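Below, each chain spelled out in residue letters.
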Amino acid sequence: MRRRAKTITALVCAAAVAATAGGCGNEGSTSQSGSGNSSQVENTNSGGSEGEQPAAEQEGLGGSGEALDLSILDESSEYPKLKEKTTLTVLVQTDTNIEDVETNDYVTKLEEAVNVDLQFEYLPAGNDGKQKLNVLLSSGSDLPDIIWFALEPIEVYTYGSQGYFIPINDYIEQESFYLKNYLDTDEGKENLKYIKSADGNIYAWPAIIEEIGNDYDHRMWINQTWLDELGLEMPTTTDEYYEVLKAFKEKDPNGNGQADEMPLVGNRTGWNQSVWTTLSYPFIYLNDQFDFIIKDDEGKLTVSYAQPEFKDALEYMNKLCSEGLLSPLTFTQDEAQWKQILGDPNGQVIGSLCAGSMSCYAGAPDRKKDLTHLPPLTGPDGVCWTSYRATSLPQYKGFITSSCENPVAAAAVFDYMYSEEMARQGRWGTEGKAWEQVDPSTTESMYESLGAEASFKITDNIWGGVQNQQMGEMHPTLRTYDITNSQAKPDDPFDAQLMTANSIPDYIDKYPKDDLVTRIIYTQEEADQIAEIQASLKTYREEAIAAFITGTRPLSDWDNYLAELEGIGLQQFLDVAQQAYDRMMEGSN
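Caption draft 1: Structural context of the nonpolar core. Formed by 97 residues in total, the largest nonpolar core has its most connected members in Tyr 241, Leu 279, Phe 310, Ile 520 and Phe 573. It is helix H18 (residues 524-550) that contributes the most residues to this core, 9 residues altogether. One finds Val 90, Ile 172, Ile 195 and Met 471 within the second-largest nonpolar core, a separate group that totals 48 residues.

Caption draft 2: The environment of Asn 318, seen in detail. Tracing the sequence through the fold places Asn 318 in helix H12 (residues 308-322). Asn 318 gets classed as partly exposed once you look at its relative accessible area, which sits at 22%. On a C-alpha basis, the gap between Asn 318 and Ile 549 in space is 4.2 Å, while along the polypeptide they are 231 residues apart. Sequence-distant contacts of Asn 318, that is, excluding residues within four places in its chain, are made with Phe 548, Ile 549, Thr 550, Gly 551 and Leu 555.

Caption draft 3: Broad picture of the sheet that holds strand S7 (residues 262-264). Taken together, the 4 strands give an open sheet; going across it, the order is S7-S10-S6-S11, and neighbouring strands pair in mixed fashion. Both outer strands of the open sheet, S7 and strand S11 (371-374), are each paired with one neighbouring strand and no more. Shown here is a sheet whose adjacent strand axes are inclined to one another by a mean of 25 degrees, direction ignored. Bridging between strand S6 (residues 220-223) and S11 involves 4 bridges; their strand directions are antiparallel. From the neighbouring strand, Met 220 faces S11, where its bridge partner is Leu 374. Helix-sheet contacts for helix H17 (residues 496-507) involve S6 and S11, and the interaxial angle to S11 is about 25 degrees.

Caption draft 4: Structural view of the pattern of salt bridges. Enumeration over the complete set of coordinates arrives at 19 salt bridges. Of the charged contacts, one joins Lys 193 and Glu 190 as a salt bridge, the two residues approaching to 2.4 Å between their closest N and O atoms. Of the two residues, Lys 193 and Glu 190 both sit in helix H7 (residues 186-195), 3 residues apart, roughly one turn of that helix. Among the salt bridges present, the one from Asp 491 reaches Lys 457, with a minimum N-O distance of 2.9 Å. Linking Asp 491 in the loop between helix H16 (481-484) and H17 with Lys 457 in strand S14 (residues 456-458), this pair joins segments that are 34 residues apart in sequence.

Caption draft 5: Quick look at the sheet that holds strand S15 (residues 478-479). On the basis of which strands lie adjacent, the open sheet formed by 6 strands has the order S3-S2-S4-S12-S5-S15 and mixed pairing. Looking along the sheet, the strands with just one partner apiece sit at the ends: strand S3 (116-123) and S15. Two elements, strand S5 (residues 205-209) and strand S12 (residues 395-400), share 3 bridges in a ladder whose sense is antiparallel. Paired with Trp 205 across the two strands is Gly 398, which belongs to S12.

Caption draft 6: Here's a closer look at the environment of Asn 191. With respect to the helices, strands and loops of the structure, Asn 191 is situated in helix H7. A relative accessible area of 3% places Asn 191 in the buried class. Separated by 201 residues in the primary sequence, Asn 191 and Ser 392 place their C-alpha atoms 8.2 Å from one another. In contact with Asn 191, not counting residues within four places along its chain, are Tyr 182, Ile 208, Ser 392, Leu 393 and Pro 394. Of the polar contacts made by the side chain of Asn 191, one reaches the backbone oxygen of Ser 392; its length is 2.8 Å.

Caption draft 7: A look at the pairing of strand S10 (residues 350-354). Where burial is concerned, most of S10 is hidden: 5 out of the 5 residues are buried. Two elements, S6 and S10, share 3 bridges in a ladder whose sense is antiparallel. Within S10, the residue paired with Trp 221 across the bridge is Leu 353.

Reading the values: the criteria
Residues numbered from 1 in each chain as written. Predicted model: local features only at pLDDT ≥ 70, side-chain atom pairs only at ≥ 80, totals over all residues. Heavy atoms only, no water. Core = buried A, V, L, I, M, F, W, Y, C linked by side-chain atoms within 4.5 Å. Buried < 20%, exposed > 50% of the residue type's maximum accessible area, 1.4 Å probe, protein only. Helix = DSSP H or I, 4+ residues; strand = E, 2+ residues; numbered from the N terminus. Contact = heavy atoms within 4.5 Å. Pairing = 2+ DSSP bridges. Axes fitted to C-alpha atoms, helices over the stretch in contact; angles between N-to-C directions. Salt bridge = Lys/Arg side-chain N within 4 Å of Asp/Glu carboxyl O. Polar contact = N/O pair within 3.5 Å; in protein donor to acceptor, adjacent residues only side chain to side chain.

By themselves these figures say nothing about function.
In structure tokens, the structure reads:
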């Protein structure tokens, strides 16, 4: 049964407000989902009984128990494959980096493996794509059979519970081979509570994209050339880091006779390039990836940015800024402006920076040769944390629509995406064109320090460029740590991915495992209660932090800052978060 557009639009707009409330630029964001990690699902069951358990409290896949007609599948195949070629329509978002979707190597390999003919329809790129999808779903017209598109959990539940996406529990239980095998693992069982919606149904084919380099993505970098020039050791504490930055400012390490060095500078918009989020971790576990929620000494939820230790972090960064060691441009410029400084035609002027990847130097690759990673610093109270993003948490990228007349065929397409072959194809492209297999006994893995063995080597890094071998992981996939970590070490010692890999041994496991709070699942009612509060907290937090660090607001005004947070509704947000978190924990015991 079709629902009115007004109903969907209201729910999705509420979800959009909540999803963007996680932070500024990099705050609360993740590189594949495109939005925050604070997830919301509705604790109701359309057509079900009142008081339905949230999905986190239900065990197993929870299908209908009715047997599917799988007679169209080839019984001799290990995985779901169709006996006869079947045509399915697929809705995807336009991507200018893909030359031709119809002939893309990923698509043709998928078609051949499952015995299907995929015919594509397109959504606009960017935010216009989601708006067009909402209009399409609410129009009442027939939909394509399959959709590949990243949605937030609340959107998945809204569209699924209203009948636009079909539940796939039975298809996973009875038909799936690859995804079912994953869900039978310990990790898969743990992730099931995030894959399910509140009514117990699974509406999305998840994407599992595990990258240990992205798990620890709040990285700091330092100019090793300048350290060597000045005879300085790698700093290990915040006090030592201060002294190094001071030397960078005062002792002309670039040797041009000018006071043009910028010891530390960031920006507002780049991937983990904002400085304050990263430089807070020697003082407190910030948890900016997950709405800044941490546990207090009694195990109750609170937020890091209202703690005395965070004030200590602000005082430290204010000291850096007041002495000209941290550029105030950090709080006003965007990534493009920041990159102009990185590539300054007059020479190297950067002493240290924060960045999720050294790919930020794509426009000035020789400059990154001066840099090496800076291990997490230890603060004055012995704190030495770094951020943990938990990339094993699922994303929501694949859907079978209610217009699909052959969901068994559609499920077969999705299931093959979870094969290792398609995981490699989906990220690195075609074997023989972009990568090749290697002998692990003679080839060093990029993550050998973590015990990984090499299985392939990239010969043409096509990610982020115009190509026709993969689809940019816009679809479900199962790219595990074992697959990702088996990449051979690149020949270029300053390859951005290799520089990330080299940093991981210094960053790994430096987070509070026992007390870590990650994704919290809210009911629709809860999401509605906190959406506006989160948005207001985000705006106020960003303005206040920039003001405290740059000195336009004195830190003696800290108590007024806390009072304003309470006035916005911080405690109400925490009460709702605690309620949702307690429900999740009860369901996982």
